[in-house]
Amino acid sequence: MVPMVKKNKTGGFASRLLGWRMWVQAAFLLVWLDPAGLRMHTMCSPVFHCYACPLSTFACPIGVIAQFGALHVFPFIAVGLLIAFGALFGTLICGWVCPFGFLQDLAAKVPTPKFDLPKVTGHLRYVVLIVTVLAVPYFFGEGHPLFVCRVCPAGALEAAVPTMAGQAIAGETIIWPSVVKLTILALFLIAIFFIRRPWCRLLCPLGAVFSLFNRVSAFFLRFNADECTHCEQCHKLCEYGIEPEKSPNDLRCIRCLECTKCGPDALNLGSIFERAKGRDVPQNNL
Amino acid sequence: MINKNTKILIFGLMVLLGAALLAYGAFFHSTNVSAQQDGEPVMLAKSESALIKDASVSGVKRDESGKIKQTYEIGEKAPEACST
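This text gives an overview of the structure that appears in the document. (Residues numbered from 1 in each chain as written. Chains lettered and ligands numbered in written order. Predicted model: local features only at pLDDT ≥ 70, side-chain atom pairs only at ≥ 80, totals over all residues.)

This part takes up the overall build of chain A. When helices and strands are counted, chain A shows 13 helices and four strands. Its C-alpha atoms give chain A a radius of gyration of 20 Å, near enough to 19 Å, the size a compact globule of 286 residues would have. The principal-axis extents of the C-alpha atoms in chain A amount to approximately 70 × 40 × 40 Å. Relative to its full complement of 286 residues, chain A shows a buried share of 48%. A fraction of 73% describes how many contacts in chain A between residues 6 or more apart in sequence connect residues 24 or more apart. (Helix = DSSP H or I, 4+ residues; strand = E, 2+ residues; numbered from the N terminus. Rg over C-alpha atoms; globule rule 2.2 N^0.38 Å. Buried ≥ 20, exposed ≤ 12 C-beta atoms within 10 Å, placed from the backbone. Contact = placed C-beta atoms within 7 Å.)

Per the secondary structure count, chain B includes two helices and four strands. Listing every helix and strand of chain B by position from the N terminus yields α-β-β-α-β-β. Its C-alpha atoms give chain B a radius of gyration of 19 Å, clearly above 12 Å, the size a compact globule of 84 residues would have. Dimensions along the principal axes, computed over C-alpha positions, put chain B at roughly 60 × 25 × 25 Å. For chain B, restricting intrachain contacts to residue pairs at least 6 apart in sequence, the fraction spanning at least 24 positions comes to 34%.

Below, the discussion takes up the environment of Ala-66 of chain A. In this structure, Ala-66 of chain A sits in helix α3 (residues 61-71). With sequence-adjacent residues up to four places away left out, Ala-66 of chain A is seen in contact with Val-133, Pro-137, Phe-147, Val-148 and Cys-149 of chain A.

This part is about the interface of chain B and chain A. With 33 residues of chain B in contact, the opposing surface of chain A contributes 39 residues. Of all the elements in the fold, those that place two or more residues in the side of chain B that touches chain A are α1 (4-27), α2 (48-55) and β3 (60-62) of chain B. No other element matches α1 of chain B, which puts 15 residues into the side of chain B that touches chain A. Of the residues contributing to the side of chain B that touches chain A, the split by class is 21 nonpolar, seven polar and five charged. (Nonpolar A, V, L, I, M, F, W, Y, C, P; charged D, E, K, R; others polar.)

So, on to helix α4 (residues 76-89) of chain A. All names here are of chain A. Spanning 14 residues, α4 covers 20 Å between terminal C-alpha atoms, matching the ideal 20 Å at 1.5 Å per step. The buried fraction of α4 amounts to 12 of the 14 residues, a majority that puts the element mostly inside the structure. Those residues of α4 that sit buried are Ile-77, Ala-78, Val-79, Gly-80, Leu-81, Leu-82, Ile-83, Ala-84, Phe-85, Gly-86, Ala-87 and Phe-89. Of the residues flanking the end of α4, it is Gly-90, one or two places downstream, whose phi is positive at about 55°. (Expected span 1.5 Å × (residues − 1).)

Pasting the structure below:
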């Protein structure tokens, strides 16, 4: 039998909070869904939530970067915010805070067969980031059909659908979004029941940005090689096809921290501000 | 391999860089935007915060000459919905 090891301070706190992850995500909706009607659209949030949604407190950083790209203006606020939050939390934001991730987590609770994705698909997010958020807006402007907001399922679901519903209720002419946008929305709504977090794992440009910080962020997944019994329980616990003991700071990891439930206690949430126990795995094997 | 001290250094630099960009954007950065007031062209220096708000509702566009133009007249209400 493997002796239980006392977790570090951050890891202990995270493991106590783990059973409450969905409640934490739900609590953060009170920040993003603007219950107080503040509409602070002069500032970005660090999450993927369309600013055209009738319920959005802040502007979407990806939308702002794309819109500013179309204007040929550098978005200091959006980029500064992503660097600061990325350095602090990395993809913990995806797993614990993002409302669009929460929506997909809720859909994944429906007992339908779930399909896994090949590892290589995680790199598509960087293509989306470079093409639809940076290159297309800068070179072709916001009118191009591949401009990120024109293909974004979050925009379609959170903004276009409520707007169309509002127009229908008010008896006004309904302004339909493009066929491409509606098709992407339909595919997304089907996919969330059969693939865990399809948007986050395949296409999310914001997740692509935050994942780049996983190796250097203040909070990270710590693997203690001395405690690992190679039982591979963490492989089964990870719902995203990552082998946490081989690459604890994998670019595809959303930091749901499910793998920290492993019996030998070899995986923990760590922070750079506290002393590590035992021998950590080298951080260069992403 | 990244050791702990290097990680702390990179983290510190990243946070400083992020905070500096954020502060510059929020308090010092502005962009010249051409607008119309009673049919007359006027040049406005919009703060980045104001530009974020306008960009989110298609209130500003870049024309073919490279100038950023406000899509509604000064004193008029800004568009309510994003054009995308």
